[in-house]
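Here's the letter readout for the chains.
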Amino acid sequence: MSSRAEAADMPHDGETKTPDRLRRRASRLLSGMTAQSDRLMNEGLTRVDARKWHYAVLASLQEHGPGSQATLSRRTGIYRSDMVGVLNELAARGLVERMPDPDDRRRNVITITAQGRRHLRRLDKVLDDLHDELLAPLAPAERDQFVQLLTRLLDHHTQQTPHPPIS
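Let me begin by describing the structure that accompanies this report. (Residues numbered from 1 in each chain as written. Predicted model: local features only at pLDDT ≥ 70, side-chain atom pairs only at ≥ 80, totals over all residues. Heavy atoms only, no water.)

A few points about unusual backbone geometry
Here's step 1: Located in the positive-phi region is D49, a residue other than glycine, with phi close to 55°.
Here's step 2: Here D49 is to be found in the loop between α3 (26-47) and α4 (52-64).
Here's step 3: Judged by relative accessible area, which is 52%, D49 ranks as exposed. (Helix = DSSP H or I, 4+ residues; strand = E, 2+ residues; numbered from the N terminus. Buried < 20%, exposed > 50% of the residue type's maximum accessible area, 1.4 Å probe, protein only.)

Some remarks on the nonpolar core
Here's step 1: Residues V57, L58, L61, L72 and L90 are the most contacted members of the largest nonpolar core, which totals 24 residues.
Here's step 2: Counting residues per element, the ones that place at least two in this core are α3, α4, α6 (80-92), β4 (104-112) and α7 (114-134).
Here's step 3: Sorting elements by how many residues they give to this core places α7 first, with 6 residues.
Here's step 4: If we skip the residues at most four places from it in the chain, L90 touches H54, V57, L58, L95 and V96. (Core = buried A, V, L, I, M, F, W, Y, C linked by side-chain atoms within 4.5 Å. Contact = heavy atoms within 4.5 Å.)

Thoughts on the pairing of β4
Here's step 1: Here strand β3 (residues 96-101) runs beside β4; their pairing, made up of 6 bridges, is antiparallel. Note on β4: the bridge partner recorded for R98 is I110.
Here's step 2: Two successive antiparallel strands, β3 and β4, enclose a turn made up of 2 residues. (Pairing = 2+ DSSP bridges.)

This is the structure we're talking about:
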């Protein structure tokens, strides 16, 4: 959200400047929450010398096993060109290993290390605390429901629909 938009939402003389019709728009609310979430997560991860992409790669490797750079890019949504830098950072810290792919020596297979698994558990705790802060106004059951609803919406809008064949 731009600083102008944030300023428009700030109370002024005891009243909210944002028109009600804007405050009722899910797209605007989601955008505002995204900005708050990104700020909170980035600041929190920076305090422990990590980035959200570190977490995404480590979580993917832990959950789905080793993969190539291209596979990790698809799993995490990190652009291939950015993945090299992320993997370089993680490898320099001993959190992942690169090994030549036995089926294609031009490609590397990335694996999480024991140190990477320990680091991932620490990041899980950090993110759990940050999510508690982000969702503080909601009761635990509401938090679960909120995440379920967001997941359903995101799954719906990111499903790949088959295209009809071109005749």
